[in-house]
Amino acid sequence: MSDLAVNIGNVRLKNPVMVASGCFGVGREYGELFDLSFLGGIVTKTVTLEPREGNLPPRVWETPAGMLNSIGLANPGISAFIETEIPFFRELDCAKIISIAGKNFGEFVEIIKKIDALDCIDAIEINVSCPNVEEGGLAFGTSPETVSGLVSTVRKITEKPLWVKLTPNVTDIAEIGRSAVDAGADALCAINTLSAMEIDIGRRVSRLGNITGGLSGAAIRPVALAKVFALHRALPDVPVVGIGGITEAGDAIAHMLAGASAVQVGSGIFRSPHLPIEVVVGIDQYCEFYDFPRAEDLTGALNIEE
Ligand SMILES: Cc1cc2nc3c(=O)[nH]c(=O)nc-3n(C[C@H](O)[C@H](O)[C@H](O)COP(=O)(O)O)c2cc1C
């Protein structure tokens, strides 16, 4: 067996496989299917300051190689989350990452103040794909200045590792990534969903109540790999967490070869609930077969002739 442990900055994961935000809750239901301590880590559903009902239904639609969602960050709000979910979450034997979003900088600050006191939380994942109400609703993550302002603001109020989850819906993801790191982010997570929609031509309506949503699943893997590669190339010393289109172990390995230090498995779990475990096993087998004594040696091990 190879050494599967990896480090994302100061956060040590027993293996490189986490589950992505919004696809696993805090693990309550999946914990009935397998032992959650097999996971490298769990990222919670994104939590906001106030409770959110989420978007109008339908909120999901299956596409030829993935799915659309427009959940709209439905969640009970940070206070209820801490009361009802943290007692379960804190007992889990894997890295515990809480994903957060706000409507403005002040909301991010308020949430982080509440999380900072929770010693069981290993890292905070900042979801910058949500709309910035003070900037006309554009996602925080589309402007390097806004990302820099947000990260430097929250960096002042917590010493917990800050991971910034980037949106792919930008021209130059490396520029956004650099602005996050320069402002104090410890790691970058890429990618969130791609802006997308589907149309029912018979009824002439969108398949989603919110009209547009985000595409995830196998269809976005090549996009995700290119974004991870761009980030690793521009910022080789910064840990990147690869997310997007992982439906088997080979996909996770491809993310690592492109430059990811770890991965998160998202909507692939809906079709195959044991997928994260299969990915852990597959990474181990690949390391054995191709003679990588440590999984961390896979990061950026792509052969490039230039
Ligand atoms: C139903 C659903 C809900 C999601 N909710 C969130 C969320 O709350 N916060 C977030 O940062 N990403 C959320 N995502 C995005 C995933 O975490 C992930 O970045 C994206 O789906 C790409 O990975 P995948 O192709 O493996 O699904 C959600 C995705 C899906 C499918």
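The coordinates are above.
These lines cover the structure that appears in this document, whether it is placed above or below. Source: prediction; values computed, not measured.

1. Examining the pattern of salt bridges
Side chains that carry opposite charge are capable of pairing whenever their charged atoms lie near each other.
Thought 1: Applying the stated criterion across every chain, the model contains 12 salt bridges.
Thought 2: Measuring nitrogen to oxygen at the nearest pair gives 3.4 Å for the salt bridge that ties R28 to E85. One end of the pair, R28, is in the loop between β3 (17–19) and β4 (41–43); the other, E85, is in the loop between α1 (78–84) and α2 (86–89), and 57 residues separate them in sequence.
Thought 3: Of the charged contacts, one joins E296 and R294 as a salt bridge, the two residues approaching to 3.5 Å between their closest N and O atoms.
Thought 4: The exposure class assigned to E296 is partly exposed, which follows from its relative accessible area of 35%.
Thought 5: What makes R294 partly exposed here is its relative accessible area of 37%.

2. Thoughts on the site of the ligand
Thought 1: Taken together, 22 residues surround the ligand, and among them S21, T46, K165, G245 and S267 come closest.
Thought 2: With respect to the ligand, the backbone of I191 contributes an N or O atom lying 3.0 Å from an oxygen atom.
Thought 3: Within the contact set of the ligand, an oxygen atom lies 2.7 Å away from a backbone nitrogen or oxygen of G245.
Thought 4: For the ligand, whose free accessible area comes to 610 Å², the fraction covered by protein is 96%.
Thought 5: Tallied by class, residues from the shell around the ligand come to seven nonpolar, 13 polar and two charged.

3. Focus: helix α9 (residues 275–289)
Thought 1: Counted at 1.5 Å a residue, the expected span for α9 with its 15 residues is 21 Å, and the 21 Å between its end C-alpha atoms agrees.
Thought 2: Among the residues making up α9, those that are buried are L275, P276, I277, V279, V280, G282, I283, D284 and C287.
Thought 3: Close packing links the buried residues of α9 with β3, α7 (249–258), β16 (262–265) and α8 (268–271).
Thought 4: Note on α9: the residue one or two positions beyond its end, D291, has a positive phi of about 65°.

4. Re the sheet that holds strand β7 (residues 95–100)
Thought 1: With parallel pairing, eight strands are arranged side by side around a closed barrel as β3-β4-β7-β8-β9-β10-β15-β16. Strand-to-strand twist of the sheet, defined as the mean angle between neighbouring strand axes without regard to direction, takes the value 25°.
Thought 2: Where strand β15 (residues 240–243) meets β16, three bridges bridge the pair, whose relative direction is parallel. Paired with I243 across the bridge in β16 is Q264.
Thought 3: Contacts from α9 reach β3 and β16 within the one sheet, and its direction differs from that of β3 by about 170°.

5. Describing the layout of surface pockets
Thought 1: When its volume is computed, the second largest pocket comes out at roughly 270 Å³.
Thought 2: Around the second largest pocket sit 15 residues that line it, and E62, G66, S267, G268 and R271 are the ones nearest its centre.
Thought 3: Every element with two or more residues in the lining of the second largest pocket is listed here: β5 (60–63), β6 (66–69) and α8.
Thought 4: For the lining of the second largest pocket, the element with the highest residue contribution is α8, accounting for three residues.
Thought 5: For the lining of the second largest pocket, the per-class residue count stands at six nonpolar, seven polar and two charged.

Quick notes on the rules
Residues numbered from 1 in each chain as written. Predicted model: local features only at pLDDT ≥ 70, side-chain atom pairs only at ≥ 80, totals over all residues. Heavy atoms only, no water. Salt bridge = Lys/Arg side-chain N within 4 Å of Asp/Glu carboxyl O. Helix = DSSP H or I, 4+ residues; strand = E, 2+ residues; numbered from the N terminus. Buried < 20%, exposed > 50% of the residue type's maximum accessible area, 1.4 Å probe, protein only. Near = heavy atom within 4 Å. Polar contact = N/O pair within 3.5 Å; in protein donor to acceptor, adjacent residues only side chain to side chain. Areas by Shrake-Rupley, 256 points an atom, 1.4 Å probe, with all protein chains shown as cover. Nonpolar A, V, L, I, M, F, W, Y, C, P; charged D, E, K, R; others polar. Expected span 1.5 Å × (residues − 1). Contact = heavy atoms within 4.5 Å. Pairing = 2+ DSSP bridges. Axes fitted to C-alpha atoms, helices over the stretch in contact; angles between N-to-C directions. 1 Å grid on protein atoms, 1.4 Å probe; cavity = no way out; pocket = protein on both sides within 12 Å on 5 of 7 lines; lining within 4 Å. Points joined across faces, edges and corners; volume = space filled by probe spheres on them.

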